[in-house]
Amino acid sequence: MSIEDRAKAVAKNIEGKAQEALGKVTGDPEDKVEGKAKQAESQVRHGVENVKDDVKKAID
């Protein structure tokens, strides 16, 4: 597991939540959608890191 990769995923999630909230406040549906997409990307990144961890544990 790369702590740096996990941190980037967390940052992307926070960025997405902020953008989604901004879209809700301003009424901009594009910002809401982009924010949700960033949150989904963050979940995928976390999933990739989990798989990497599982593979590393299986090898060790």
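Residues numbered from 1 in each chain as written. Predicted model: local features only at pLDDT ≥ 70, side-chain atom pairs only at ≥ 80, totals over all residues. Heavy atoms only, no water.

Points about the side chain of S42
Worth spelling out the cut-off: Segments assigned H or I by DSSP are reported as helices when at least four residues long, segments assigned E as strands when at least two residues long, and all are numbered from the N terminus. Categorising residues by exposure relies on relative accessible area from a 1.4 Å probe, with only protein chains included: less than 20% of the type maximum marks a residue as buried, more than 50% marks it as exposed, and the intermediate range marks it as partly exposed. Definition of a polar contact: a pair of N or O atoms within 3.5 Å, with one able to donate and the other able to accept a hydrogen when the atoms are protein atoms, and with sequence-neighbouring residues admitted only if both atoms are side-chain atoms.
Relative to the elements of secondary structure, S42 occurs in helix 2 (residues 29-59). For S42, a relative accessible area of 2% gives the class buried. One polar contact links the side chain of S42 to the main-chain carbonyl oxygen of A9, over a distance of 2.7 Å.

What about the pattern of salt bridges?
Applicable threshold: Only one rule defines a salt bridge in this text: a Lys or Arg side-chain nitrogen within 4 Å of an Asp or Glu carboxyl oxygen.
Across all of its chains, the model carries 8 salt bridges by this definition. Notably, a salt bridge pairs R6 with D53, separated by 2.8 Å at the nearest N-O pair. With R6 in helix 1 (residues 3-26) and D53 in helix 2, the pair connects residues that are 47 residues apart, well separated along the chain. The same class applies to R6 and to D53, which are both buried. Between E20 and K24 there is a salt bridge, with its nearest N and O atoms 3.8 Å apart. With a gap of 4 residues between them, E20 and K24 both fall in helix 1, about one helical turn apart. When its relative accessible area of 12% is taken as the criterion, E20 is described as buried.

Structural notes on the UniProt feature "domain: CsbD-like" (unreviewed entry) in the protein
Applicable threshold: UniProt positions are given in the numbering used here, feature names are shortened, and annotations may be inferred rather than shown by experiment.
When the UniProt feature table is mapped to this numbering, "domain: CsbD-like" (unreviewed entry) covers residues 5-57. Here residues 5-57 runs as 96% helix and 0% strand, with 18 Å between its end C-alpha atoms.

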